[in-house]
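Commentary on secondary and tertiary structure
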Amino acid sequence: MRFSGAAILAAFSAAAALSSPSSVVVGAFVVPSPAGFAVRARDGVPSSSSFSPLRASIEEASAEESEIALNPLVASVKISKTVEIFSEVKRMEADGIRVTSLCVGEPDFPPPRAVMDAAMRAVEGCDTRYTAVTGTAALREAIAEDLRARKGLEYDPNTEIVVGNGAKQCVYQGVLATTGPLDSVIVPAPYWPSYPEMVALTGATPVILETKEEDGYLITPEALRKCLEDNEDEARLLILCNPSNPTGGVHSAKRLRELAEVLTDYPKVAVLADEIYERLVYTDDEEGKHVSFASMPGMFHRTMTVNGFSKAYAMTGMRLGYLAAPTKLAKACTTIQSQLTSCAGSISQAAGVAALEDVTEEELANNNAIMKSKRDYVVERLKDMPGAELSVVPTGAFYVLPDVSEYYDGDDAALCLDLLKTKRLALVPGSSFGAPGTVRISYATSTEELEEAMNKLEEFLEECRSDDR
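The structure reproduced in this document is the subject of the present report.

Parameters and conventions
- Residues numbered from 1 in each chain as written.
- Predicted model: local features only at pLDDT ≥ 70, side-chain atom pairs only at ≥ 80, totals over all residues.
- Heavy atoms only, no water.
- Helix = DSSP H or I, 4+ residues; strand = E, 2+ residues; numbered from the N terminus.
- Buried < 20%, exposed > 50% of the residue type's maximum accessible area, 1.4 Å probe, protein only.
- Contact = heavy atoms within 4.5 Å.
- Phe/Tyr/Trp six-rings, centres within 6.5 Å; stacked < 30°, edge-to-face > 60°.
- Pairing = 2+ DSSP bridges.
- Right-handed = clockwise from strand over helix to strand, strands pointing away.
- Axes fitted to C-alpha atoms, helices over the stretch in contact; angles between N-to-C directions.

Check the secondary structure of the protein and you find 15 helices and 16 strands. For the protein, the proportion of its 469 residues judged to be buried stands at 53%. In the protein, the share of contacts with a sequence separation of at least 24, taken over all contacts with a separation of at least 6, comes to 73%.

Moving on, we come to the packing of aromatic side chains. Per the stated rule, a full pass over the model turns up 8 aromatic pairs. Seen in terms of ring centroids, Trp 192 and Tyr 195 are 5.2 Å apart; in terms of plane orientation they differ by 85°. Their pairing is edge-to-face. We classify Trp 192 as buried; its relative accessible area is 19%. Ring centres 5.6 Å apart and planes at 80° place the aromatic pair Tyr 277 and Tyr 399 in the edge-to-face group. One end of the pair, Tyr 277, is in the loop between strand E10 (270–274) and strand E11 (303–308); the other, Tyr 399, is in strand E13 (residues 399–400), and 122 residues separate them in sequence. For the residue pair Tyr 277 and Tyr 399, the accessibility class agrees, reading buried in each case. Cluster of aromatic residues (ring-pair linked, three or more members): Tyr 277, Phe 398 and Tyr 399.

The subject of this paragraph is the pairing of strand E8 (residues 205–210). Sheet topology places strand E7 (residues 184–189) next to E8; 6 bridges connect them, and they run parallel. Pairing of Ile 186 across the sheet is with Val 207, part of E8. Crossover handedness for the path E7 to helix H8 (residues 194–201) to E8: right-handed.

A cis amide bond links Ala 189 with the next residue in sequence, Pro 190, at an omega value of 0°. The residue Pro 190 is located in the loop between E7 and H8 in this model. A positive phi angle, close to 60°, is found at Tyr 217, a residue other than glycine. Turning to its location among the elements, Tyr 217 is positioned in the loop between E8 and helix H9 (221–230). Of note in the backbone geometry, Tyr 408 takes a positive phi value of approximately 55° without being a glycine. By secondary structure assignment, the location of Tyr 408 is in the loop between E13 and helix H14 (412–423).

Right, let's get into the sheet that holds strand E9 (residues 235–241). One open sheet holds the 7 strands; their spatial order is E6-E12-E11-E10-E9-E7-E8, and the pairing between them is mixed. Either end of the sheet is taken by a strand with one partner, and the two such strands are strand E6 (161–164) and E8. Each strand axis lies, on average, 20° off the axis of its neighbour in the sheet, ignoring direction. Summarising the sheet, E10 and E11 pair through 4 bridges and their orientation is parallel. The residue of E11 that forms the bridge with Ala 273 is Thr 305.

The next thing to look at is the environment of Gly 174. Inspection of the secondary structure puts Gly 174 in helix H7 (residues 167–178). Classification of Gly 174 by relative accessible area gives buried; the value is 0%. Taking the C-alpha atoms as reference points, Gly 174 and Ile 336, separated by 162 residues in sequence, lie 9.4 Å from one another. Apart from residues no more than four positions distant in its own chain, Gly 174 is found in contact with Leu 272, Met 304, Leu 323 and Cys 333.

What follows deals with H8. The element H8 is largely enclosed, with a buried count of 7 among its 8 residues. Contacts from the buried residues of H8 go to helix H3 (72–75), H7, E7, E8, E9 and E10. In the stretch just after H8, Gly 203 is the one whose phi turns positive, near 90°.

Written out as structure tokens, the structure reads:
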């Protein structure tokens, strides 16, 4: 049964006398309850206990609207497991249950002082008007200069840079601009769960390119060529997340050149290079440092580079990202954005200029050093946990993806659910990233919480081993 907002509100009113909490969980989201009625949801499905009057009220209120149909594409899209688990954690916390959560990729440090000061100046100066759809000239110029100085890429700030409401919007617009029904998009696994769902929303088909743990979950040129050969007629886009969420793997300049050589034989395939974690790389090896894919020979004209301010600058709530691409591709993304959201927030854009122009390399390097120490701590702790295997130490982002398939017969979702129930520790099952039998650990949290989380995980795995789970 499908419910409209009006029907649900009517049902809330009918059930107002049943309870007093001030929020309601609908699907995987917590929203205000107009009638003060609370509903719990687990795995996206409301529990059947204690709210049958609400269900009856909803069904009665929505009976006249049940013929309204949804776009079939919506039915093919799954809600992010990360969002679901995070929402469940927030529900538990609202009930007074303390949870240790390593499920969300959000730095625990605040944005740099220069960023906060710029945002406050923008507020005080009433810099609250619409900007150009593609962003303010000041921010586009700052992005262009940053890409030139650090990545060796030359973009025209007037025609080749599109500022959006977070990198996530920019990724989707890049997919939508280049693919559609009957097309296929190559998505290397493990993958960020939104990639295949975004592809589905365009009507295209995600083709999963499997990678191997022993290779650090990096794409090999042989595997890429085989995938392109098998999908030569339909393939229109390759999504390349580098550094990777969820593995933390970083494709070296040498590996990127090898992949570029393969792509030269497939000129109709565009590349969406998601480089949101490129500032978070932990190696002194020059070959292991991050290099933009658009800088590879022959790749500039077909590559859409996506980046943003959420990870390196801890500006997650400011929702600011960008796409840099040749004019043809940037213009297509601009057209889409103009009909969806128009511009990004003016205050966030002012903060973005400060991030690129006023935040020192020393401050960013200090944050990187802290993240590296947390990664090292997690890796060392995992070594002492039987059945938690990490073949290759990740060198970027702030995730590790250990194999725990020895437990629960490889059912990572069941493992994570029991872990949350018994130890109040939230991790994300690797199956949601296309890596069954693993769990994703985000170490972008405080040192104290990280230590507590690893203690809980170690205790849980020891209990699983003794119980033969």
